[in-house]
Amino acid sequence: MNSIDLKSRAKINLSIDVLGKRDDGYHIVEMIMQTIDLYDNLKITKIEGDFIKIKSDSEDIPLNQDNIVYKAADILKKRFNIKDGVEISIQKNIPVAAGMAGGSSNAAAVLVGLNKVWNLGLSESELKEIGLQLGADVPFCITGGSALAQGIGEELTNIHGLSEGVNILVCKPDIFVSTKEVYQSLDMNKVQKRPENQKLIESLKNDDIKYVSENMVNVLEEVTASKYKEIKQIEATMMKNKALGSMMSGSGPTVFGLFDNKEYAIKAKEELLIDYNQVYLVNSSNKGVEIYG
Ligand code: ATP
């Protein structure tokens, strides 16, 4: 196989709780992750020479060794002593530094893709183990769908998530949020509301989107929203247009809304596009990395 095309899907969080902090600085979390049908297209091609080359249409990501896809390819290359070169081309659709695991998802796609291109024969759980070295969200991005993530995000329990086709409106305001700073600024003593994950999981199982939408909680939201008024503004626009619920994803700044009526979602999208460039109406998905073509 000389080349492979992959879809690398974004995620949203339907909840985030922080339970504590490990000695190494990582936070212990409990969160519900859900993949959505917003994806980057990656093409991996064998090339002459013993190096990793990255191309992208995006000016927001590095094209050198700092790109997480470089790190993903490099880990496999070194571990399996591969002497072939590879070009990874990334067509970016997922907003960058958005709380949607764009980088983690690209890394996941590269692990899955190179496993095929280089004929490594790694199982999904072996790929996830390698993925964890690149980032806590990478294992989830490989399988996608919906999961309860515990530990530092790597302990995954598959759950029945949003059924395919729920309307999700995603809006990424043009502000930069540092995930590290958001976690550092979080004071759990000041958190007013925490998610009840077991109830959310039960409601997802019953396809009770209304309950899920009305009870989604992200404990990181207040941290980011206290610094940037855009978070609450976007939520207000979503709710004014009859979203069932709206919340910030990850550490932000992306805000999403769940809609049972597509017309309402289209209306909210038009209104958000007046103030924001990155607004996408997508569906929930039960897939992670997907090989196509
Ligand atoms: P998470 O939800 O996992 O915190 P995120 O959506 O907040 O992820 P990313 O889009 O992964 O954040 O980007 C975080 C940083 O990683 C950015 O500063 C970006 O420049 C860098 N980066 C490196 N490689 C990539 C990549 N392939 N795609 C996106 N960002 C990348």
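Along each chain, residue indices are assigned from 1 in the same order as the chain's sequence is written. A pLDDT threshold of at least 70 governs which residues receive local features in this predicted model, and a stricter bar of 80 or more applies before side-chain atom pairs are shown or counted, although totals over entire chains, interfaces and linings include all residues. Computation of side-chain values: all heavy atoms of the structure, hydrogens and water removed.

Kindly report on the site of the ligand, identifying the contributing residues and their values.
If even one non-hydrogen atom of a residue comes within 4 Å of a molecule or strand, that residue is called near it. Near the ligand, the surroundings consist of 20 residues, among which N67, A97, G99, A101 and G103 are the closest. We define a polar contact as two N or O atoms separated by no more than 3.5 Å, with the added condition that, inside protein, one atom must be a possible hydrogen donor and the other a possible acceptor, whereas residues neighbouring each other in sequence contribute only through side-chain atom pairs. A distance of 2.9 Å is found between a nitrogen atom of the ligand and a side-chain nitrogen or oxygen belonging to N67. At 2.9 Å from an oxygen atom of the ligand is found a main-chain nitrogen or oxygen belonging to G99. Residue-level accessible areas treat just the shown protein chains as cover; the underlying method is Shrake-Rupley with a 1.4 Å probe. Within the complex, 76% of the 620 Å² of free accessible area of the ligand lies under protein. The element contributing the most residues to the shell around the ligand is helix α2 (residues 102–117), with four residues. Of the residues in the shell around the ligand, the class split is eight nonpolar, seven polar and five charged. Counting from the N terminus, the helices are the DSSP runs of H or I reaching at least four residues and the strands are the DSSP runs of E reaching at least two. Charged means Asp, Glu, Lys or Arg here, nonpolar means Ala, Val, Leu, Ile, Met, Phe, Trp, Tyr, Cys or Pro, and polar covers whatever is left, Gly included.

Describe the packing of aromatic side chains, listing the residues and the values that go with them.
Any two of the Phe, Tyr and Trp rings considered here, Trp counted by its six-membered ring, make a pair once their centres fall within 6.5 Å; the pair's planes then place it as stacked at under 30 degrees, edge-to-face at over 60, or tilted in between. Following the criterion strictly, the structure yields zero aromatic pairs and no others. Here, over-ring charges are defined by two tests on the NZ atom of lysine or the CZ atom of arginine: distance to the ring centre within 6 Å, and angle to the ring normal within 35 degrees. One residue, K7, lies across the ring of Y292, its end atom 5.7 Å from the ring centre. Against the face of Y264 rests K242, its NZ or CZ located 5.0 Å from the ring centre.

Give me the UniProt feature "domain: GHMP kinase C-terminal" (unreviewed entry) in the protein chain: which residues, what numbers.
UniProt positions are given in the numbering used here, feature names are shortened, and annotations may be inferred rather than shown by experiment. Per the UniProt annotation, the sites labelled "domain: GHMP kinase C-terminal" (unreviewed entry) are residues 201–273. With 58% helix and 15% strand, residues 201–273 has its two end C-alpha atoms placed 32 Å apart.

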